[in-house]
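# Chain and residue survey
If you want the building blocks of each chain, they are given just below.
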Amino acid sequence: MNLLVTGGAGFIGSNFILYWLKKYKEDGIINLDKLTYAGNPENLKSIENNPNYKFVKGDICDAELVNKLMNDEEIDTIVHFAAESHVDRSILDPSPFIKTNIIGTYTLLEGALKNKIKRFHHISTDEVFGSLSLDSKEKFNENTPYSPRSPYSASKASADHLVSAYYFTYNLPVTISNCSNNFGPFHFPEKLIPLAITNILEGKKVPVYGDGLYVRDWLFVEDHCTAIDAIINEGRIGETYLIGGMTEEISNMDVVLKILKIMGKDESWIEFVKDRPGHDRKYMIDWSKINNKLGWHPKHDFDEALKLTVEWYTKNQDWWKKIKTGEYLNYYKKQYGKI
Ligand code: NAD
Ligand code: TYD
């Protein structure tokens, strides 16, 4: 296979490229990434000399570049991760979310059509389904209606609809996956789990929004990669698959308390801060379709994977200390009111 991976210098994309090249040694990967604040070529240092891997710095909104790459590199499969991915940043400024997540996806779809791509796999999020109430036993499934509530989730929902439309209207061979909150190595320290771990390592408190009783379904990033693998190899064209983790309902407070316990700290390290506007109360995923149809299930228990993640951030302080400077500090100040 010749894959074009978009956003491969980000958190999930880089984990995916490392996973894929280790497993499929004959395949070629072109990684198209704009290297925004979230893109980090260091994530892929271990494969930079692999002849089957090539990095191209560029924007998925650049139609000429996208077309040229698909044509010159004889791409047959696209795995589309590139996105603006942080809800809080989308509240501060929705504009790059509209450009990259909507126009960028449209540009790739047009390129895929022109270049007769055999598979366009689109990575999306459970956030497109909106919010569940705390007392409901309901989980999101492939038939849950879309109800996005943040500029981020609205832009991802829009992209998902475009991908579907290209399947129904032009027979573009697409698949879509909507996954829950990933965590693991190379996760940018603006998201809850890496922010909590790195703040504690720096001797800073962990900001918890509102009452802290928000619930997310947590998916270890390696389990996400095996799910995408199953969909690319066995998934049915035109279908959507939901991907979730091995988590019971667990609040943000409980997640932070678990991290504090692993790191030998107490509750005094928690700081309750102003809530996120429009904060979705709960996400839960029913992943029985991908389990029944493709035999996939997550393999990592939340507590064990959380321990691995804390160990990774403890061992790789150079990686995140370089990130927590400059632009990051400006963002942190804007978001949390202090550094
Ligand atoms: P990330 O923010 O860590 O990485 C995004 C990458 O995309 C970066 O390398 C960035 O440089 C690149 N990028 C941004 N704009 C670009 C553009 N215009 N052209 C080319 N490259 C561009 O994101 P992530 O957490 O790895 O998420 C990857 C995908 O998974 C996204 O589509 C996101 O919506 C989806 N997703 C993420 C999560 C999660 O928990 N992280 C959960 C569900 C879905
Ligand atoms: P986040 O990691 O931003 O992912 P998402 O918004 O995509 O779910 O947030 C996960 C949960 O943690 C969410 O309910 C918001 C909350 N949160 C905090 O309480 N404090 C923080 O500093 C951050 C970044 C998130």
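To be clear, the structure that these remarks concern was listed above.
Residues numbered from 1 in each chain as written. Chains lettered and ligands numbered in written order. Predicted model: local features only at pLDDT ≥ 70, side-chain atom pairs only at ≥ 80, totals over all residues. Heavy atoms only, no water.

The environment of ligand 2 is made up of 17 residues, and the closest members are E127, R216, R276, H279 and Y336. A distance of 2.7 Å is found between an oxygen atom of ligand 2 and a side-chain nitrogen or oxygen belonging to R216. Contact with the protein chains covers 97% of the free accessible surface of ligand 2, which is 510 Å². Take the shell around ligand 2: its biggest share by element is 3 residues, from strand β8 (residues 206–209). Here the shell around ligand 2 is built from residues that sort into 8 nonpolar, 4 polar and 5 charged. (Near = heavy atom within 4 Å. Polar contact = N/O pair within 3.5 Å; in protein donor to acceptor, adjacent residues only side chain to side chain. Areas by Shrake-Rupley, 256 points an atom, 1.4 Å probe, with all protein chains shown as cover. Helix = DSSP H or I, 4+ residues; strand = E, 2+ residues; numbered from the N terminus. Nonpolar A, V, L, I, M, F, W, Y, C, P; charged D, E, K, R; others polar.)

This structure, assessed with the given rule, holds 0 disulfides. Looking at the unpaired C179, the closest cysteine sulfur is the one in C225, lying at 10 Å. Of the residues examined, C179 reaches a relative accessible area of 6% and is grouped as buried. (Disulfide = S-S within 2.5 Å. Buried < 20%, exposed > 50% of the residue type's maximum accessible area, 1.4 Å probe, protein only.)

Now for the site of ligand 1. Residues in close proximity to ligand 1 total 28 residues, the closest being I12, D33, S85, Y152 and K156. At 2.6 Å from an oxygen atom of ligand 1 is found a side-chain nitrogen or oxygen belonging to D33. Protein contacts shield 97% of the accessible area of ligand 1, which totals 830 Å² for the unbound molecule. Elements that contribute at least two residues to the shell around ligand 1 include exactly α1 (11–23), β5 (119–125), α5 (151–170) and β7 (181–183). With 3 residues, the single largest contributor to the shell around ligand 1 is β5. Counted by class, the shell around ligand 1 contains 12 nonpolar, 12 polar and 4 charged residues.

Time to look at the packing of aromatic side chains. In the structure shown here, the tally under the stated rule is 24 aromatic pairs. Where Y167 meets F168, the ring centres are 4.9 Å apart and the plane angle is 65°; that geometry is what we call edge-to-face. Through successive ring pairs, a cluster of aromatic residues spans Y37, F188, Y209, Y328, Y332 and Y336. Between the NZ or CZ atom of R89 and the centre of the ring of Y37, over which it lies, the distance is 3.6 Å. The positively charged end of K289 is found above the aromatic ring belonging to Y241, 4.7 Å away from the centroid. (Phe/Tyr/Trp six-rings, centres within 6.5 Å; stacked < 30°, edge-to-face > 60°. Lys NZ or Arg CZ within 6 Å of the ring centre and 35° of its normal.)

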